[in-house]
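Survey of secondary and tertiary structure
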There are 2 protein chains.
Amino acid sequence: MIQFKNLNQEEPYLLFKSKYDEAYSAEQKVIEAISISTFENKTNEVDSRFVNLKFVSDNEFIFFSNYKSPKANSFETHNQIAALIYWSSINVQIRMKAKIRKMSNDYNQRYFENRSKKKNALAISSNQSKPINSYKQVIENYNKSLNNDNLKKCPEYWGGYSFTPYYFEFWEGHDSRLNKREIFEEIDGCWRHSFVQP
Amino acid sequence: MIQFKNLNQEEPYLLFKSKYDEAYSAEQKVIEAISISTFENKTNEVDSRFVNLKFVSDNEFIFFSNYKSPKANSFETHNQIAALIYWSSINVQIRMKAKIRKMSNDYNQRYFENRSKKKNALAISSNQSKPINSYKQVIENYNKSLNNDNLKKCPEYWGGYSFTPYYFEFWEGHDSRLNKREIFEEIDGCWRHSFVQP
């Protein structure tokens, strides 16, 4: 699930929420899955992966990550990203382009405190995307971390990211392939609305 | 559905096929949906969208597109892409990085001939991602195109793309969040296999 807080009342946000509600009613599996695509200057490479979108708060889309992960490194030198959702239950794709930034330490600490100790043990124990000998080792590291004295203290290398889209596309698939594609593009603080061809 | 032809017998391809079979048995919806992420040099922007993966032929992943679309333009100046699949029915994510290239005119023509006239009418009528006044106009253009004399002739602005990954990650989600992440990286013509932390 995605939690909505004081949702921005502009058109693309309301449309996002209305598609979310439809997908939720259609029992969409893993409704919070969102692809985050990045550009890494060092290697000149695009990369992408799914994360869990936790909150849409006003106009900010928020997820959490290790701050030393490859995606975190990419954000440092190229803070523009693409975000992508596909809800198969309603055959709707939502494409976004945005700038991304870190949440504050205070925000991260408050959020971390309210998570389960099990989740926190994993966040503390895992050097995200760093090599490891085996999957068995992952489980051993986690079990060791469960004995950590303070599972409510957010490590500095873990926290939230927020992105605020400047571009939305709402794509609705039709059996005929005459897909409907609706664009919202932010220009000088206003949303320009248009359609594009399938 | 994805069609497999003379599948490459190296480990990441066999694993891809085996995960596909699992997702297929689990009745995965829209199993052919794959996100293609690009980098556009002109605007310095990452973008991503879902396409339908049609074939895996030997070591080539093949999908079709308008050759004048924004993604086609991005491929021209930055031919490295990220491809991403998520099969919610089995909670498996497959991440790939690859170089992409156009299929030949002959290949495109042969493929086009064997598609339905309705699909071809759309490919012919649509200036993919170009602005249009309304969704109604999309339908009118399509209906006009249905009367086209030769719906079996592939237009030069439409055809296949093939990419051959040099990097695979197979990510299996677990309820515990102790996700299993297995990497295959091509180095000097061989696949280096490793695990990374969740």
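Keep in mind the model is a prediction, meaning the values are calculated, not measured.

Below, the discussion takes up the overall build of chain A. When you go through chain A residue by residue, the secondary structure sums to 5 helices and 11 strands. Here chain A, with 198 residues, has 37% of them falling under the buried criterion. Pairs at least 24 apart in sequence give 61% of the contacts found in chain A among residues at least 6 apart.

The next point concerns the interface of chain B and chain A. Each partner contributes residues to the interface: chain B has 44 residues there, and chain A has 44 residues. The element contributing the most residues to the side of chain B that touches chain A is strand β3 (residues 45–52) of chain B, with 6 residues. As judged from the 2 bridges shared by strand β8 (residues 131–132) of chain A and strand β11 (residues 190–196) of chain B, these two strands associate in the antiparallel manner. Across the sheet, P131 of chain A pairs through a bridge with V196 of chain B, a residue of β11 of chain B.

Residues and elements named next belong to chain B. The sheet contact formed by strand β2 (residues 33–40) and β3 spans 8 bridges and is antiparallel. Bridging from a neighbouring strand, I34 pairs with V51 of β3. Connecting β2 to the antiparallel partner β3 that follows it, the hairpin turn spans 4 residues, and N44 within it adopts a positive phi of roughly 65 degrees.

The next subject is the pairing of strand β2 (residues 33–40) of chain A. All names here are of chain A. With 7 of its 8 residues buried, β2 lies for the most part within the structure. In this structure, β2 lies alongside strand β6 (residues 80–87), joined through 3 bridges in antiparallel fashion. Bridge pairing in β6 links S37 to A82.

Okay, the confidence of the model for chain A next. On average, chain A scores 96 in pLDDT, and the residues at 70 or more come to 100%. For this predicted complex, the interface score ipTM comes out at 0.96, while the overall pTM is 0.97.

Moving on, we get to the relation of the copies chain B and chain A. Overlaying chain B on chain A yields an RMSD of 0.0 Å, the required transformation being a rotation through 180 degrees with an accompanying axial translation of 0.0 Å. Classification of the inter-copy transformation places it as that of a two-fold axis. Both copies contact each other with a shared surface, as 100% of the interface residues of chain B are interface residues in chain A too.

Rules and cut-offs
- Residues numbered from 1 in each chain as written.
- Chains lettered and ligands numbered in written order.
- Predicted model: local features only at pLDDT ≥ 70, side-chain atom pairs only at ≥ 80, totals over all residues.
- Helix = DSSP H or I, 4+ residues; strand = E, 2+ residues; numbered from the N terminus.
- Buried ≥ 20, exposed ≤ 12 C-beta atoms within 10 Å, placed from the backbone.
- Contact = placed C-beta atoms within 7 Å.
- Pairing = 2+ DSSP bridges.
- pLDDT = per-residue confidence, 0-100.
- Least-squares fit on C-alpha atoms with pLDDT ≥ 70 in both.

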